[in-house]
Amino acid sequence: MKLEFLENVNEYNDHVMRLYDFDSSQATLFRQIIEQLIIDKNRTIEMTSLSFIKNINCELTLRIANIDNGITSTDQKNFFCDLTIKNYENIKRLLEPFCRKESKGFEFLYEIDNPIEFLFSPNGTW
């Protein structure tokens, strides 16, 4: 599984943080981390600490917040994903189909008015 930040992916200058190049077993591992560490134990997760994720050009930290801000950064290298438990529970639900079988589909992991989308896609496309 790879983590990469893409700048200005459309005419609106939106950006994408994408998790890609994975199979169902890696999707299952990521889903378990969301469930067991973030939702159940309220822990902050630095994606660089996960051995099955390779950071291409950025670092991402998943954090629990009181309001949903999505992914933000001040330097385009270090990113923070601040979401409520409710939104992390929704992400867990959205990941489920990727855990059951190999997929060519994709999913944006939140719907927040934020210039950085969070893409989950086995082949990296949307």
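Bear in mind the structure is a predicted one, so any value in this text is a computation, not a measurement.

Caption draft 1: Inspection of the overall build of the chain at higher detail. For the chain, the helix and strand inventory stands at two helices and nine strands. What you see in the chain, going N to C, is helices and strands ordered as β-β-α-β-β-β-β-β-α-β-β. Expected size for 126 residues packed as a compact globule is a radius of gyration near 14 Å; at 13 Å, the chain falls within 12% of this value. Classification of the 126 residues of the chain by burial places 45% in the buried group. Taking contacts inside the chain between residues at least 6 apart in sequence as the whole, the part at least 24 apart equals 47%. For the chain, the accessible area works out to roughly 6,900 Å², and carbon and sulfur atoms hold 43% of it. For the chain, the distance from the average position of its 14 positive side-chain charges to the average position of its 20 negative side-chain charges is 7 Å.

Caption draft 2: Highlighting empty space enclosed by the protein. Under the defined criterion, the tally for this structure stands at one cavity of 30 Å³ or more. Reported here for the largest cavity is a volume of approximately 30 Å³. F22, D23, S24, F98, K101, E102, S103 and P122 are the residues that line the largest cavity. Of the residues that constitute the lining of the largest cavity, the class distribution is three nonpolar, two polar and three charged.

Caption draft 3: Region of interest: the pattern of salt bridges. Enumeration according to the criterion identifies six salt bridges in this entry. Among the ionic pairs, E4 bridges to R18, the shortest N-O distance being 2.5 Å. Here E4 is found in strand 1 (residues 2-6), whereas its partner R18 is found in strand 2 (residues 15-20), with 14 residues between them in sequence. Exposure remark for E4: the relative accessible area of 13% places this residue in the buried category. Linked through salt bridges whose partners overlap, the residues forming this network are R31, E96 and R100.

What counts and what doesn't
- Residues numbered from 1 in each chain as written.
- Predicted model: local features only at pLDDT ≥ 70, side-chain atom pairs only at ≥ 80, totals over all residues.
- Heavy atoms only, no water.
- Helix = DSSP H or I, 4+ residues; strand = E, 2+ residues; numbered from the N terminus.
- Rg over C-alpha atoms; globule rule 2.2 N^0.38 Å.
- Buried < 20%, exposed > 50% of the residue type's maximum accessible area, 1.4 Å probe, protein only.
- Contact = heavy atoms within 4.5 Å.
- Areas by Shrake-Rupley, 256 points an atom, 1.4 Å probe, with all protein chains shown as cover.
- Lys, Arg positive; Asp, Glu negative; His and termini not counted.
- Charge placed at Lys NZ, Arg CZ, Asp CG, Glu CD.
- 1 Å grid on protein atoms, 1.4 Å probe; cavity = no way out; pocket = protein on both sides within 12 Å on 5 of 7 lines; lining within 4 Å.
- Points joined across faces, edges and corners; volume = space filled by probe spheres on them.
- Nonpolar A, V, L, I, M, F, W, Y, C, P; charged D, E, K, R; others polar.
- Salt bridge = Lys/Arg side-chain N within 4 Å of Asp/Glu carboxyl O.

Don't take any of this as a statement about function, it's just geometry.
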